[in-house]
Each structure stands twice: as C-alpha cells, then as structure tokens.
Amino acid sequence: MAFNKEKFIKYILTVFALSSLFFLFLIFAFILIEGLPLFLKVGFKNIIFGFKWAPTKGSFGIFPMIVSSFLVTFGALIVGGPLGLSCAVYLAEYSGKRMKMLLKPALELLAGIPSVVYGFLGVIYIVPLVRNYLGGSGFSLISTSVILGVMILPTIISISFDAIMSVPRTYREGSLAMGATKWQTIYKVVIPSARSGIMAGFILGMGRAIGETMAVIMIAGNALKIPTSLLDPLRTLTGNIALELAYATGDHRLGLFSTGVVLLVIIMALNYIANFGIKKKRLK
Amino acid sequence: MNGTKIRLLILLLIFGLFCLSCGRGGAGAGKDQHTVTIAGSTSVMPFTEKLAEYFMLENPDYIVEVQGGGSTAGVQACMNYTVDIGMSSRHLKDNEKALTDVTICNDGIAIVVNPGNPLDTLTIEQIRGIFNGRIKNWKDLGWIDREIDAVSREEGSGTRGSFEDLIMNKLEIDDGIMVQDSNGSVKEVIATDPYAIGYISLGLLDGRVKGLAVNGVSPTMENIKSGDYEIVRPFLYLTNGEPDECARTFIDFVLSMEGQTILQKEGLIDIL
Amino acid sequence: MRIKPGITDKMARIGFNSMAFFTVGILVVIISIICIKGVSHVNLEFIFTSPEDMGRHGGIFPSIMGTVLLALLSIVFATPLGLGTAIFLTEYTKESTFTKIIRFGVESLAGIPSIIYGLFGFIFFVIKLGMGWSLLSGVLTMTIMILPTIIRTSEEAIKAVPRNLRIVSYSLGATRWETVTKIVLTAATPGILTGIMLSVGRVVGETAAVIFTMGSSLRLPTSLMDSGRTMAVHFYILAREGISMEKAYATALILVLSITIINILAYYIMNKVVSKYS
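Residues numbered from 1 in each chain as written. Chains lettered and ligands numbered in written order. Predicted model: local features only at pLDDT ≥ 70, side-chain atom pairs only at ≥ 80, totals over all residues. Heavy atoms only, no water.

Examining the domain arrangement of chain B
All names here are of chain B.
Working step 1: One can read the domain layout of chain B as domain 1 (3–105 + 235–265) and domain 2 (108–232).
Working step 2: Between domain 1 and domain 2, the contact holds 9 residues from the first and 9 residues from the second.
Working step 3: When the area that domain 1 buries against domain 2 is broken down by residue, the three leading residues are Ser-43, Phe-47 and Gln-264, summing to 45%.
Working step 4: The interface formed by domain 1 and domain 2 holds 0 salt bridges in total. (Domains from an automatic or database assignment. Contact = heavy atoms within 4.5 Å. Buried area = accessible area lost by both parts, 1.4 Å probe. Salt bridge = Lys/Arg side-chain N within 4 Å of Asp/Glu carboxyl O.)

Put into structure tokens, the structure is as follows:
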C-alpha cells in the first residue's frame, strides 16, 4: 500500500514537473500558429527584410524594428555594461563584508522597480534633458539606451559578480605574490578567468533589453524609420506589439504575432547562448 | 500517515479549485444586477466612462463596464458578442456594415501644438506636408529654424483613420513621424515638447495644448456646428443586431437631453 | 611614458568605488524623486477610495485590490506547481536527460519577455478560451510567468537542506514523501517563501502582460470573470495619458514602496537561511 502511494505521488509530481514544458510548448504553439501563416502568405523575406510597415494596407516589413531593437540593445550595453561590470568588480574585490550586505539588496531593489516607473521617469527627466541640450524631440535612441542601460544593470551585476566570485582564490594570491598590484590582478587575471561568465551576464542583459516593452514605448517615440542618428525616434519589436495589439484585427493582428515570432526567436537564441553555449565552455 | 493524507487532500483541493474556477468561467453570467460591457475606441472611452458614472448614479442596479482597445477592436468585440456595445471613432468600413451603429455625438479633430508655439493657423496643405514628411522645419512655416517633432497615432486607431481620410487625401503618413497610442499620450508629448505638432480629439483640448485654426477656421463648437470646420468624425456606439434591454437603456440615456448635455460639456458636438 | 603601477592601482580603486556609488546613487535618486513628489498626495483617503473622473480625482482602492487579488491567486496556482516541480527535480529523480529537458523548459520560460506572455495570454486565454479580459486570464498568464522563479528558488532551498537530515529520516523508517514533507520542506520553507515573495514582487510590477489579459477596467473585480486594473497598469495609464501627475506620483510611491517592502522581506528571509546553513 505504502509503495503504491509513493508511486502515485511520484506520478503526480512528474505531471507537475512536465507542466512548465507544457506551458512552454503552449506558448510557442500559439505564437507560431498565429504568427506563421502570415510568413507563408506574405513571404518570409517581405516580413523580415521588408522596410514598410503598413499592416492595414498589406505591408508587413519589420526590418526597421529588428534593427532598432538591436540598436537600443547595444546602446543599453554601452551604458550599462561598463557600469555594471565595475559594480560587480567593486562588490567582489573591493567592498568589505558590511558594504556587500548593504549594496547587494540595494541592487536587487533596482531590479524590482517596475519598468513603467523607469519609463515614466525617463519621459519626465531624460527626454527633456536630451531635447534641451542635444536637440531633436528627446524621444530618441539615446534616451531609450540610457533608461534600458539602467534597467539591465541588476542582471549584469549579479551574473558578473557570481562569475568573478567563482574565480579561485589561488589565482589572485599567485598574481599578488608575484608583485602585481590589485588592479593588475583584476585586469590581467580575474576578469579574463571570469570572462565567459561576464559574457553570459552581458548576453542575458541584452535579452532583458530587447524584451523590455513598456518603458520603451514611453520613451522611444515609436517612429517606423530606422534611426539615422542618436537623436532619432525608433520603434522596437516589442513596442510594435504593445502599441498596436489592442487595435489590430485580421491580418494586422497576425502581423503582430509574426513580430512576436521574430522576437521570440531572437530571445531564445540569446538565452541559449548565455545559458548553454557559454556555460559549457566554462566547464571545459 | 494522517498528515500526509491531509496534505495530499489540500493539494488535490487546490487542483480542484483550479479546475472549478476554469469551469465557472464559462457560466459566470447570472447575476441580479444588469451589466453592460462596452469596449472600443480610446477616443470615445473617457466620455463613455463619464456617461457611465452619471448613468450608474441614477440606475444603481446597473453596472457599466468600459474598456479601451481601439475602434477596430471595438468592432471586432461587438461582432463576436464579447461586448454589448462597441465604440468607434470612425465610420464603419464596408465589411463591418453588418453591425448596427448609433451616432452618439460628433467630435472634431484638432491640430494641436505647444502653447509656446506662436503659429495660430495652418493650411490643410501645410498639415499634409508635415505629416507626409515634406515639411520638416518650422522655418518653412514662418517660425524658427528648428525641426518639427510631429506625432501621429498608430495603425488601426480611429483618430488616425479619420485624420487620413479628412486631411491626408490618400498621401501616406511618413515613417519618420513619431507614434503614440492614445489621444492622451499624444497630448502629453505636445504639452511637454515646444516644437511638437499632433492631432487629438477636440474634446480633450485644454490649456496645456493649443488648437490651430485650419485654413483660418478655428476648432470651436460653433464652427463645427455651422460646418465651417470640416475635420469632424462621428462617435459611434455599435451593437450586433438590436441592442438588448440593458444596452438599450444605456444608449437611450446617452441620446437623451441629459446625456447629450454631459457630452457637450466635455467639448463634443451634440446631435440634438 | 608609463604610469607607475601604484598610481593606476589607486586610480582603479577610486574608479570602482565611484562607479559602485554612482549605481547606488541612481537607485537613491529614483526612490527619492518618487517619495518627494508622491508623499504629499498619499493619504488614507487615497488608499481607500475609488478613482473618479478616470483617476483625476479620488483614490486607487480598486487597483490596490486588483493587484492583491492578481498576486494572491497567481501564487495559489503557481506555488503547488512550482514546488511540485522542484521536489520532483531534487528528491524524486536523478540527473538525467529528462531532468535536463525539464530544466531547459524552466530556463526558457524564465527568459521569455513579458510582452510575449501578454501576446500568448491574449490569444489563448482571452480569445481562444473565451475568458475575455478578466482577472482569470490575468491570473493564469501570471501563473505561467512566475512559475520559473518559484521552481528555481524552491529547488535551491531544497538543495540547501543538509543531506544528513534526510539520511536520519530515512533511517528512522520514513518514506520518501514523509521525508520530503516533514523534514525537507520544513527546513526549506524560508527559501521557498523567498521565491514566493519575489514572484509577488514581479506580478505587482508587471504591466505589459497584465494589460492585455486582465484589461484595464477601473472597477473592483468581484468575480474571476471581471476585468480589473492593477496599480502598475493604473499608474501607466495615469502617466501616459497625462491624466494627473500628482495621482501618478502617488500611485508610483505606493507601487514602489510595496515592491521594496516585499523584496526586502524576501532578502531578509533568504539571508536567515543562508546564515543558518553556512
């Protein structure tokens, strides 16, 4: 009797464990079911490499949005990357135990602030700043990059921090014993050893930036053209979905799901690289 | 042994609750109170909410639920019976004519700029030029040498549809033009950016933005009623077939003297 | 000319210090702006009354309740599923291709951005299953979204329970399930709670996925099929439509404050666990 019960429990738990796979499948299935038909109808090339987005008139090109999504993501990395990495180095190498106890939760809080709040503060403070001192409307590539750069800080910091902490103590001791300064040790020994983990942090940060929606539609200006300067407005893949989903019907809605398919593929690729590609390399 | 059984029971209970709540979903309609669900155009939504507030004060046994979504979504929701009443801020397209529409009022579309902008009037050609991307600098319109920050609405918006019909005359809105997804957010951009221009529902015009005269005619209620200001579109309530009694009661209220007065106070053009 | 190593070392130290404090500075600035601008508009009346005139006047009570309902119900659904998965992964199976596939599923779910959850919830729950914009659609979407967080934190909490506790339990003749529920879960409870708190924080701050599944009706949802508005969505609409900046800041203050408290609690609980076992 007891044996059977254990079996029953194991059976139930297996079902539970399969639920996440099932949900993943469901999400993929429904995004693909809605998104793929249009690829077949309009043509893969006309969507991915099409320049014109006029879904009510039969054009579904999202190439400018793909480019814009990557542009803001790299912008965010330029802003958040060095800052995040230095923070991680500071936390791991310079800060005392007390400081660490104080700083780590503070950074967790940064991650907890909702994206709408970032977007709001961006509109109120960053956008006018850009408009008044740099020109343009302020709803621009640069404003979006700054806000996204701050938003991805927690991801970059926590993963880089873990990577730096996992560099064996002996590496540092060896380097210091040979007369290298702390900076030389960090620069020449610690960071290179933690390189793959830091890379993973950056790539996950990219994933976060490319998937961010609400803050982006508030600050980016959402123009359909590929931005030609830092001060131009732009529309990302996520922004396209969020702006138009509520309104869309028929092919227009399918077009938004096609946008979703492209976004999903990009995100999955980034996550795969960060979680599996890089981790495997690290194990070697 | 007993403890485990209880725990298992709780687990099953939660699971059951899960299933139950799913099942309840389908049949959760039978209530004492009358509920009217309305969805659609974000331009009509604020006014409908206002009307609903007054309506519910007078008819406490009614609940009016108002959602946004956009004109096209309103039409769609109405077609598949998701809502009792759909809201649209543009005329129905040919393939949507199966729905019954009631014009509840008319609304002007105002071309708006920041109050700091010295310009007071533009011609239709100039407006068309700005949104078509041919006119890019305020210099060309007789102001300072500064780029124009034009703001449009997204595809599918009733306001954009009407703007395209009434102003653009088959010309495309340029890809470089910024896009916001509601009247309110367009207004926010215009109110904060001194060099911006956009178009919003006349009912939302207030001191924070300045409405421009078009071809010399200012967007006022008199000018619209007299037919001089021509950028006008209807606000429609849509029903699939004849409205049921609850929806009928609400629509009658909106079309009554009282409802129309409320709309008029909000800056819309009554149909009395 | 080469700069002396000692000087670069000092410069690096100063550099890292200032970068770290700059980052913390950002946090301090964000929170102080919201506190300073919001605090004068927050009072009991704001918390306990309904909004009037689309939120231009009145309070935010329905959206607070909407947030609480959404978060609580999502937790009720996600916790058994997530905890069950974690127990399965740690206690009921060995590392194998099967667990790798499940872990892959969890990792992938965790990486999916909220707008995709919104798209999915919209097409699946709202349209295909005909639930409409409703609390239920929102809850089910959020359940899937927070599942990975609950699984990961529970798994870590369970793994942190020392091996000997289990060995003792088994040697006393307890079955696997008894060991799991009476020994392991009891010891891992704080860690599991941390995961739950973090998930609540995520639901409270979420906008994109909520607005397309739960809708944005201003009324207090009275049944699972009613649409409702969370604080984050209400704040988004207030700020974006320029309805009222005062109310927007006040809503932001309550929103950020509640998330901060939730996260600090989560962190506090986690720290207790860490110090207990290390």
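Considering a nonpolar patch on the surface
Residues and elements named next belong to chain A.
Working step 1: Nonpolar side chains collect at one region of the surface, where Phe-8, Tyr-11 and Val-15 lie side by side and expose about 310 Å² of accessible area between them.
Working step 2: Positionally, Phe-8 belongs in helix 1 (residues 2–42).
Working step 3: According to the relative accessible area criterion, Phe-8 is partly exposed, its value standing at 39%. (Patch = residues over 30% accessible without salt bridge, like charges linked within 9 Å, V, L, I, M, F, W, Y side chains within 5 Å. Areas by Shrake-Rupley, 256 points an atom, 1.4 Å probe, with all protein chains shown as cover. Helix = DSSP H or I, 4+ residues; strand = E, 2+ residues; numbered from the N terminus. Buried < 20%, exposed > 50% of the residue type's maximum accessible area, 1.4 Å probe, protein only.)

Let's talk about the domain arrangement of chain C
How big an interface is tends to be expressed through the accessible area that disappears when the partners come together.
Residues and elements named next belong to chain C.
Working step 1: Per the domain assignment, the segments of chain C are domain 1 (5–39) and domain 2 (42–277).
Working step 2: Using only C-alpha atoms to locate each centre, domain 1 and domain 2 end up separated by 31 Å.
Working step 3: With 6 residues of domain 1 at the interface, the matching set in domain 2 holds 6 residues.
Working step 4: Taking both partners together, domain 1 and domain 2 bury about 590 Å²; carbon and sulfur atoms supply 76% of that area.
Working step 5: It is Ile-34, Lys-37 and Gly-38 that lose the most area in domain 1 upon contact with domain 2, and together they represent 63% of the buried surface on that side.
Working step 6: Seen at the junction of domain 1 and domain 2, the total is 0 salt bridges.
Working step 7: Here domain 1 and domain 2 share 2 residue pairs in polar contact (both at pLDDT 80 or more) between them.
Working step 8: Looking at the side of domain 1 that touches domain 2 residue by residue, the class counts come to 4 nonpolar, 1 polar and 1 charged. (Polar contact = N/O pair within 3.5 Å; in protein donor to acceptor, adjacent residues only side chain to side chain. Nonpolar A, V, L, I, M, F, W, Y, C, P; charged D, E, K, R; others polar.)

A look at the packing of helix 5 (residues 115–133) of chain A against helix 1 (residues 5–38) of chain C
Working step 1: Helix 1 of chain C packs onto helix 5 of chain A with a crossing angle of 80° between their chain directions and a minimal axis gap of 12 Å. As summarised for this structure, helix 5 of chain A and helix 1 of chain C are arranged roughly perpendicular, according to the angle between their axes. Taken together, the residues of helix 1 of chain C that come into contact with helix 5 of chain A (itself represented by A:Val117, A:Tyr118, A:Leu121 and A:Tyr125) are C:Ile30, C:Ile33, C:Ile34 and C:Lys37.
Working step 2: Classifying every residue of the contact of helix 5 of chain A with helix 1 of chain C by side-chain character gives 7 nonpolar, no polar and 1 charged. (Axes fitted to C-alpha atoms, helices over the stretch in contact; angles between N-to-C directions. Parallel < 35°, antiparallel > 145°, perpendicular 65-115°, else oblique.)

Quick word on the packing of aromatic side chains
Working step 1: Inspection of every chain in the model, using the stated rule, returns 29 aromatic pairs over all chains.
Working step 2: Ring plane angle 80° and centroid distance 6.2 Å describe the contact between A:Trp53 and A:Phe60, whose orientation is recorded as edge-to-face. Each member of the pair A:Trp53 and A:Phe60 is classed as buried.
Working step 3: Ring geometry for A:Phe120 against C:Tyr249: centres 5.1 Å apart, planes inclined by 70°, an arrangement best described as edge-to-face. With A:Phe120 in helix 5 and C:Tyr249 in helix 11 (residues 245–277), this residue pair bridges two chains.
Working step 4: Joined through ring pairs, the aromatic side chains of B:Phe55, B:Tyr62, B:Tyr237, B:Phe250 and B:Phe253 make up one cluster.
Working step 5: The positively charged end of A:Lys182 is found above the aromatic ring belonging to A:Tyr94, 4.9 Å away from the centroid. (Phe/Tyr/Trp six-rings, centres within 6.5 Å; stacked < 30°, edge-to-face > 60°. Lys NZ or Arg CZ within 6 Å of the ring centre and 35° of its normal.)

Comments concerning unusual backbone geometry
Working step 1: Notably, A:Asn222 is not glycine yet its phi reads approximately 60°, a positive angle.
Working step 2: Counting through the fold element by element, A:Asn222 comes out in the loop between helix 10 (214–219) and helix 11 (237–244).
Working step 3: Positive phi outside glycine occurs at B:Asn215, with the angle close to 55°.
Working step 4: Within the secondary structure layout, B:Asn215 lies in the loop between strand 10 (213–214) and helix 7 (221–225).

Remarks on the packing of helix 7 (residues 169–177) of chain A against helix 8 (residues 182–193) of chain A
Axes are the key here: two packed helices are described by the angle between their axes and the distance separating the axes.
Residue and element names in this part refer to chain A.
Working step 1: Packing of helix 7 against helix 8 leaves a shortest axis separation of 10 Å and a crossing angle of 145°. The crossing of helix 7 and helix 8 is right-handed. Residues Tyr-171, Arg-172, Ser-175 and Leu-176 of helix 7 lie in contact with helix 8, whose contacting residues are Lys-182, Thr-185, Val-189, Val-190 and Ser-193.
Working step 2: In the contact of helix 7 with helix 8, the residues fall into 4 nonpolar, 3 polar and 2 charged. (Left-handed = near helix turned anticlockwise from the far one by under 90°.)

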